[in-house]
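Here is how the chains run, residue by residue.
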Amino acid sequence: MPPLLMWVSDAPRKNELFLCESGPNGSSCSGFPPLAAKEFARRQGKLRLVPVWFGVAKDDVHGVTAVTRDGRKVPGTLRRGVGPGLGLWAVEYPPDVRSLVFTGAKGQTLQRIAL
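Each value, and the rule that gives it
Residues numbered from 1 in each chain as written. Predicted model: local features only at pLDDT ≥ 70, side-chain atom pairs only at ≥ 80, totals over all residues. Heavy atoms only, no water. Helix = DSSP H or I, 4+ residues; strand = E, 2+ residues; numbered from the N terminus. Rg over C-alpha atoms; globule rule 2.2 N^0.38 Å. Buried < 20%, exposed > 50% of the residue type's maximum accessible area, 1.4 Å probe, protein only. Contact = heavy atoms within 4.5 Å. Areas by Shrake-Rupley, 256 points an atom, 1.4 Å probe, with all protein chains shown as cover. Lys, Arg positive; Asp, Glu negative; His and termini not counted. Charge placed at Lys NZ, Arg CZ, Asp CG, Glu CD. Pairing = 2+ DSSP bridges. Axes fitted to C-alpha atoms, helices over the stretch in contact; angles between N-to-C directions.

Details of the overall build of the chain
1) Next: When helices and strands are tallied, the chain shows zero helices and 11 strands.
2) Next: In sequence order, the chain lays out its α and β elements as β-β-β-β-β-β-β-β-β-β-β.
3) Next: Its C-alpha atoms give the chain a radius of gyration of 14 Å, within 12% of the compact-globule value 13 Å for 115 residues.
4) Next: Projected onto its principal axes, the C-alpha positions of the chain cover 45 × 35 × 20 Å.
5) Next: Taking all 115 residues of the chain together, the buried fraction comes to 45%.
6) Next: Taking the intrachain contacts of the chain between residues at least 6 apart in sequence as the baseline, contacts between residues at least 24 apart amount to 43%.
7) Next: Looking at the chain as shown, the accessible area adds up to about 6500 Å², and 52% of this sits on carbon and sulfur atoms.
8) Next: With 16 positive and 9 negative side-chain charges, the chain shows a spacing of 4 Å between the two charge centroids.

Okay, here's the thing in structure tokens:
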């Protein structure tokens, strides 16, 4: 995975945070509302010119994996506890990725995001 620096920051608006990232093609920050009660993770964006998705996840999430059309699994990187009950994740994905799977401490699927 290419070098990627991500962080969460307070936003100037109530009940909103900023996710900032700095990677091989520059830096950006974007605001996002808190995750919904039944939402464990959210895809916030992808790097330009590099096949990497990134986003936020609740601290309940212990793993992220990209799953390809033929079932191959590509593990991602997750850093927990970087914001108020939040973690940050990134996964380098092949062109035929079909979903992102977020798992809990015991390996159970908490959420699947179709791409």
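From this point, the discussion proceeds with the structure in view.
A closer look at the sheet that holds strand β8 (residues 77-83)
1) Next: Taken together, four strands build an open sheet; the order of strands is β4-β5-β9-β8 and the sheet is antiparallel. Since the sheet does not close on itself, it has two edges, and those belong to β4 (41-46) and β8, each with one partner. The sheet shows a mean angle of 25° between the axes of neighbouring strands, direction not considered.

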